[in-house]
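# Overview (structure and organization)
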Amino acid sequence: CTKGIQTQTAECLVLAQVSPCSSMVVVLNKVDLLPESEREKKVERLMKIIGKALSRTKFRDCEVVTASAKQGTGVEGVAEKL
């Protein structure tokens, strides 16, 4: 969650783009690893980076949600989007 878009994420976007899938939900997991005092600002920054990457794909309007699977926060929101 702190490194932005990694190679494997970019590769997944390419595969998704050529797939017949027409919708997607992006989950920013491990937000618990961000210091609480910086979390909101860093999540905003990551959302912009992801939005920019998605804007060049058929998933430009997909939802991006935050979660911490380890702590269980945001998991219900992810389930609702699926």
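Residues numbered from 1 in each chain as written. Predicted model: local features only at pLDDT ≥ 70, side-chain atom pairs only at ≥ 80, totals over all residues. Heavy atoms only, no water.

With that settled, the discussion passes to the environment of Pro-20. Relative to the helices and strands, Pro-20 is located in the loop between α1 (7-18) and β1 (25-28). Overall, the relative accessible area of 85% leaves Pro-20 in the exposed class. Expressed as a C-alpha distance, the spacing of Pro-20 and Asp-32, which sit 12 residues apart in the sequence, is 33 Å. (Helix = DSSP H or I, 4+ residues; strand = E, 2+ residues; numbered from the N terminus. Buried < 20%, exposed > 50% of the residue type's maximum accessible area, 1.4 Å probe, protein only.)

Below, the discussion takes up unusual backbone geometry. Unusually for a residue other than glycine, Lys-30 sits at a positive phi of about 65 degrees. Inspection of the secondary structure assignment puts Lys-30 in the loop between β1 and α2 (36-54). The exposure class assigned to Lys-30 is partly exposed, which follows from its relative accessible area of 47%.

Our focus in this paragraph is the pairing of β1. Covered by surrounding structure in β1 are Val-26 and Leu-28 only, the residues Val-25 and Val-27 on the alternate face being uncovered. As paired elements, β1 and strand β2 (residues 63-66) share four bridges and run parallel to each other. Bridging from a neighbouring strand, Val-26 pairs with Val-64 of β2. (Pairing = 2+ DSSP bridges.)

In short, the description is geometric, and any link to function would need to be established separately.
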